[in-house]
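Listed here are the chains, written in short residue letters.
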Protein chains: 2
Amino acid sequence: MSHLLKEHIGAISPLSDEEFDYILSHFVFKKLKKHAFLVQEGNSVKYEYFVLKGCLKAYMTDSNTGKEFIYQFGVEDWWITDREAFFKQSTATINIDCLEDSEVLGITLENREKLVTEMRKYEHFVAVKANLGYISLQKRLQLMIMGSVKERYENFIQQYPHLINRIPKSLIASYLGVSRETLSRLYRS
Amino acid sequence: MSHLLKEHIGAISPLSDEEFDYILSHFVFKKLKKHAFLVQEGNSVKYEYFVLKGCLKAYMTDSNTGKEFIYQFGVEDWWITDREAFFKQSTATINIDCLEDSEVLGITLENREKLVTEMRKYEHFVAVKANLGYISLQKRLQLMIMGSVKERYENFIQQYPHLINRIPKSLIASYLGVSRETLSRLYRS
DNA sequence: TTGATTTTGTGATAAAAGTCACATCAGGAA
DNA sequence: TTCCTGATGTGACTTTTATCACAAAATCAA
């Protein structure tokens, strides 16, 4: 049996079909139309989501200027949620909505903890993920502080070549912390 | 018995004296002079460190410009290491050195995994820490992208009031991703 | 298809921050 | 104390990026 989530977890903690079926039974499936919200500011955040299909953006809005900063995109094989609200069981400070029709698998904090407690393999998977996530965030911060706009964009192209023509440049600019005009002017020979 | 590390872990997972003694036996104590390196680029990173006393900086040097970016300070009650090198057991890409005479407790990856496996409480502590660390890094990134230099500095003052007069402004500027001159000019009435 | 909306590019100008240079100030070591 | 080093403040100028404005191109929905 092949399943995107099975491959995903299995890359860190190899799973038997039975183990994976058990894990999968703790998730709920959701199908969303373009522009639909998965997480909305002020609401509670019941799930952490694994993206099966489509594309989403997680962003926060500056209360003064009204401008938005995209802190993460979510496409196939990625996890997305308002991490702080999910783990602290508080209300969302960010929004997540769909750039395309999307399909996700959601797991509640309760089920997540249940799996972590019951299955050493899932606990290991989750711990490794947390570390890798932290490390990649640290690299992004470093690039943001030390790198020029050009370096940031080139790094993005290299890391996410499949997103360049899938996501509007204005959103990529927001992710890179630069105005869309400046990004657009980068490659004038 | 009172111990900084016991209070630190206990705030997340309360510990008996026996449990803490057992945990502590997995750490090694190190005492360092000002300017000494705890982690040096190119070397292996055997330990993750908890700071008992003193002040350290973790930074990376841009290979082109030679300028350094401080990604973390470490003072009492903080953890510090080259996370990526430590977990992947590769060589350091960053340097950590002492701004003051310092004392730290180090734990190897092996001992860390041993404790995580043996003690549910330590595992919980470590998981919670990873989450909190990720969340605070995310906030720092957000502030870096959306906030003005002034907002970033004010946030720093609010978060770390005790560091303002302990660490040179030029290093704080590096942490905030701004030149020391610009930081110095912030508060001309 | 067609009209509307979104996306993208680009000029002109303003604002923010960096860089270089130098002066002053504070603290540590002999 | 006295010298030396590192820390800090600030002027002058340059570079980078944001902002505003508008037009062309692409995409989407009825």
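Above this text is the structure in question.
Since the model is a prediction, treat every value here as computed from it, not as a measurement.

Calculation criteria
Residues numbered from 1 in each chain as written. Chains lettered and ligands numbered in written order. Predicted model: local features only at pLDDT ≥ 70, side-chain atom pairs only at ≥ 80, totals over all residues. Heavy atoms only, no water. Near = heavy atom within 4 Å. Polar contact = N/O pair within 3.5 Å; in protein donor to acceptor, adjacent residues only side chain to side chain. Helix = DSSP H or I, 4+ residues; strand = E, 2+ residues; numbered from the N terminus. Nonpolar A, V, L, I, M, F, W, Y, C, P; charged D, E, K, R; others polar. Salt bridge = Lys/Arg side-chain N within 4 Å of Asp/Glu carboxyl O. Contact = heavy atoms within 4.5 Å. Buried area = accessible area lost by both parts, 1.4 Å probe. Least-squares fit on C-alpha atoms with pLDDT ≥ 70 in both. Buried < 20%, exposed > 50% of the residue type's maximum accessible area, 1.4 Å probe, protein only.

**A word on the protein's contact with DNA strand C**
Reasoning step 1: Near DNA strand C you find 17 residues, and of these Lys169, Arg180 and Arg185 of chain A together with Lys67 and Thr182 of chain B are the closest.
Reasoning step 2: In DNA strand C, atoms within 4 Å of the protein come 43% from sugar and phosphate.
Reasoning step 3: One of the side-chain N or O atoms of Arg180 of chain A is found 2.6 Å from a base oxygen in DNA strand C.
Reasoning step 4: Every element with two or more residues in the surface near DNA strand C is listed here: α7 (169-176) and α8 (180-184) of chain A together with α8 (180-184) of chain B.
Reasoning step 5: Tallied by class, the residues present in the surface near DNA strand C amount to three nonpolar, five polar and nine charged.

**Quick word on the pattern of salt bridges**
Reasoning step 1: Enumeration according to the criterion identifies 28 salt bridges over all chains in this entry.
Reasoning step 2: In this structure, Arg120 of chain B engages Glu123 of chain A in a salt bridge whose closest nitrogen and oxygen atoms are separated by 3.9 Å. Remark: Glu123 of chain A occurs in helix α5 (residues 120-146) and Arg120 of chain B occurs in helix α5 (residues 120-146); the pair is interchain, linking two chains.
Reasoning step 3: The partner of Lys121 of chain B in a salt bridge is Glu19 of chain B, and the shortest N-O contact between them spans 3.0 Å. Here Lys121 of chain B, found in helix α5, pairs with Glu19 of chain B, found in helix α2 (residues 17-24); they are 102 residues apart in sequence, far enough to count as distant.

**Remarks on the interface of chain A and chain B**
Reasoning step 1: Taken together, the contact pairs 33 residues of chain A with 34 residues of chain B.
Reasoning step 2: Interface of chain A and chain B: buried area, both sides summed, is about 3200 Å²; carbon and sulfur atoms make up 68% of it.
Reasoning step 3: Inspection of the chain A/chain B interface yields four salt bridges.
Reasoning step 4: Summed over the shared surface of chain A and chain B, the result is four residue pairs in polar contact (both at pLDDT 80 or more).
Reasoning step 5: With 17 residues, the single largest contributor to the side of chain A that touches chain B is α5 of chain A.
Reasoning step 6: Across the side of chain A that touches chain B, the residue classes tally to 15 nonpolar, eight polar and 10 charged.

**Digging into the protein's contact with DNA strand D**
Reasoning step 1: Taken together, 17 residues surround DNA strand D, and among them Lys67 and Thr182 of chain A together with Lys169, Arg180 and Arg185 of chain B come closest.
Reasoning step 2: One of the backbone N or O atoms of Lys169 of chain B is found 2.6 Å from a phosphate oxygen in DNA strand D.
Reasoning step 3: Between DNA strand D and Arg180 of chain B, the relevant distance is 2.7 Å, taken from a base oxygen to a side-chain nitrogen or oxygen of the residue.
Reasoning step 4: Tallied by class, the residues present in the surface near DNA strand D amount to three nonpolar, five polar and nine charged.

**A short note on the relation of the copies chain A and chain B**
Reasoning step 1: If you rotate chain A by 180 degrees and push it 0.0 Å along the axis, it lands on chain B with an RMSD of 0.0 Å. Taken together, these values place the two copies in the relation of a two-fold axis.
Reasoning step 2: An overlap of 100% is found between the interface residues of chain A and their copies at the interface of chain B, pointing to a shared contact surface.

**Describing unusual backbone geometry**
Reasoning step 1: Despite not being glycine, Gln89 of chain A shows a phi value in the positive range, around 55 degrees.
Reasoning step 2: Note on placement: Gln89 of chain A falls in the loop between α3 (83-88) and β7 (95-98).
Reasoning step 3: Here Gln89 of chain A falls in the exposed class, since its relative accessible area comes to 52%.
Reasoning step 4: Positioned with a positive phi, Asp77 of chain B is a non-glycine residue whose angle comes to about 80 degrees.
Reasoning step 5: Among the structural elements, Asp77 of chain B can be located in the loop between β5 (68-75) and β6 (79-80).
Reasoning step 6: For Asp77 of chain B, a relative accessible area of 33% translates into the label partly exposed.

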